[in-house]
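What follows is the residue order along each chain.
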Amino acid sequence: MRASYATVPAASRGRFYPEPESPTRTCFSRDRDRIIHSTAFRRLKHKTQVFVHDEGDYYRTRLTHSLEVAQIARSMARVLALDEDLAEAVALAHDLGHTPFGHAGETALSAATEAAGGFDHNAHALRLLTKLEHRYRDFDGLNLTWEVLEGLVKHNGPVDVRSAKVPEPILSFDRKWPLDLQSWCGLEAQIAALADDIAYINHDIDDGLRAALFTAEDIADAPLAGPFARDVLAQGGDLELSRFIGELVRGLMSALIGDLLRETRARLAVANPSSAADVRAAPTALASFSSAMANDVVTLKKFLHERMYRHPRVMQVMDRAMEVVAELCSRLSRDPALMPPDWAERCGGPGDVQTLAVVRDYIAGMTDRYALTEYTRITGKDIVL
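Below you will find a few notes about this structure.

Cut-offs and rules
Residues numbered from 1 in each chain as written. Predicted model: local features only at pLDDT ≥ 70, side-chain atom pairs only at ≥ 80, totals over all residues. Heavy atoms only, no water. Helix = DSSP H or I, 4+ residues; strand = E, 2+ residues; numbered from the N terminus. Buried < 20%, exposed > 50% of the residue type's maximum accessible area, 1.4 Å probe, protein only. Contact = heavy atoms within 4.5 Å. Salt bridge = Lys/Arg side-chain N within 4 Å of Asp/Glu carboxyl O. Phe/Tyr/Trp six-rings, centres within 6.5 Å; stacked < 30°, edge-to-face > 60°. Lys NZ or Arg CZ within 6 Å of the ring centre and 35° of its normal.

**Considering the side chain of Asp-85**
Phase 1 of the analysis: In this structure, Asp-85 sits in helix H4 (residues 84-93).
Phase 2 of the analysis: Assessed through its relative accessible area of 14%, Asp-85 is described here as buried.
Phase 3 of the analysis: Once residues within four sequence positions are removed from consideration, Asp-85 is found in contact with Thr-26, Phe-28, Ser-29, Arg-32 and Arg-74.

Given below as structure tokens:
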């Protein structure tokens with residue numbers, strides 16, 4: 001039975017371009033399927049999460065990360081009697097806009113395209129889903145429902161339209177089809193955002209241990225994860241690394257999900273929303289960790305930032321990756337003919353703002369290995385990350 005505060009497919013605000021709905025799937029189920037079959041989703045297979053593609057077969061990519069987020073989001077949506085398909089669709093779409101080489105690639109691309117408004121992966125995901133994907137005869141994009149697009153744009157909270165930091169693609173689309181930017185999104189999207197935190201905290205610990213960026217003993221002294229690691233070490237003694245990781249992640253993930261469900265239920269009991277509209281109108285998020293767990297999550301993220309994301313081994317690779325993105329942007333904007341014809345024909349003159357914007361979209365869609373291949377083709381130089 002669906003909860004009263006869940007998003008109801010039959011009450012969806014619909015699609016920008018009206019279409020006959022599927023006789024066998026809800027609108028949100030259909031959106032999830034469209035995302036999975038999109039070109040942008042397939043490319044996530046070869047886009048960096050933390051480690052680039054050639055560092056090992058076991059580390060997460062943006063694709064495997066997105067699948068893990070979707071699994072957690074769907075499971076929590078089921079427990080809370082929400083629309084599972086909507087939660088899963090938002091989770092699967094949340095990282096579609098990422099550049100090659102992860103956040104380092106995004107930083108480099110944003111700096112190189114500042115004259116054209118810079119780059120924001122969330123805004124680019126919206127453009128992919130509403131413009132850049134070309135699968136259908138009658139419209140650009142995937143023509144997803146309002147609720148999925150709203151969840152994508154607002155999954156981290158309301159958007160202050162008065163802020164100069166709001167990317168223009170979001171404001172532009174909102175003028176065309178208002179997403180109620182200053183309200184909260186539905187509970188399914190709120191859950192998907194927290195599933196993202198749960199997934200990457202756990203799998204980055206997994207990947208960091210496998211990459212020997214830190215040890216089991218380091219994790220035993222880390223915030224939040226420490227008690228679980230100490231318990232596994234005490235019980236398991238000389239467990240092989242894979243089993244240690246499995247037991248650690250099982251305990252930590254269960255604790256995070258359990259806390260989130262308890263706090264969300266408590267907030268729902270106080271707010272007593274009778275519809276998804278009530279969830280959006282609430283003065284604060286209704287899906288959340290407890291304040292104690294939220295603080296612990298922040299401290300654990302700081303540990304991972306210091307010991308993993310800023311590790312010299314990771315930073316060395318990311319510095320070279322940023323050079324690749326910056327050089328590609330410089331070369332392609334000066335000579336748009338280096339791009340495929342269907343991209344080059346969208347450009348203005350060499351180096352102008354229109355050309356820079358097209359180059360930005362072209363580079364953002366690259367996988368890690370395609371970016372390296374293009375770099376070698378265009379510059380004549382090989383680079384080893």
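There is more to say after this.
**Regarding the pattern of salt bridges**
Phase 1 of the analysis: If you walk through the whole model with that rule in mind, you get 33 salt bridges.
Phase 2 of the analysis: One salt bridge connects Glu-19 with Arg-34, and the closest N-O pair in it is separated by 2.9 Å. With Glu-19 in the segment before helix H1 (27-36) and Arg-34 in helix H1, this pair connects stretches of sequence that are 15 residues apart.
Phase 3 of the analysis: As a salt-bridge pair, Asp-206 and Arg-60 come within 3.2 Å of each other at their nearest N and O atoms. Of this pair, Asp-206 sits in helix H9 (residues 187-210) while Arg-60 is found in the loop between helix H2 (39-43) and helix H3 (62-79), placing the two residues 146 residues apart along the sequence.
Phase 4 of the analysis: A residue is classified by how much of its surface remains accessible, and Arg-60, at 15% relative accessible area, is buried.
Phase 5 of the analysis: Residues participating in the shared-partner salt-bridge network are Arg-25, Arg-32, Asp-33, Arg-74, Arg-78, Glu-84, Asp-85 and Glu-88.

**Re the packing of aromatic side chains**
Phase 1 of the analysis: Using the criterion set out here, one finds 7 aromatic pairs in the structure.
Phase 2 of the analysis: Measuring from centroid to centroid gives 4.9 Å for Phe-16 and Tyr-17, while their planes differ by 85 degrees, and the two rings are edge-to-face.
Phase 3 of the analysis: Geometrically, the ring pair formed by Tyr-17 and Phe-139 is stacked, given 5.5 Å between the ring centres and 10 degrees between the ring planes. Separated by 122 residues along the polypeptide, Tyr-17 in the segment before H1 and Phe-139 in the loop between helix H6 (121-132) and helix H7 (146-154) bring together distant segments of the chain.
Phase 4 of the analysis: On the accessibility criterion, Phe-139 (9% relative accessible area) is buried.
Phase 5 of the analysis: By way of ring pairs, the aromatic residues Phe-16, Tyr-17, Tyr-136, Phe-139, Phe-173 and Trp-177 are connected into one cluster.
Phase 6 of the analysis: A cation over a ring is seen here: Arg-13 above Trp-146, with NZ or CZ 3.7 Å from the ring centre.

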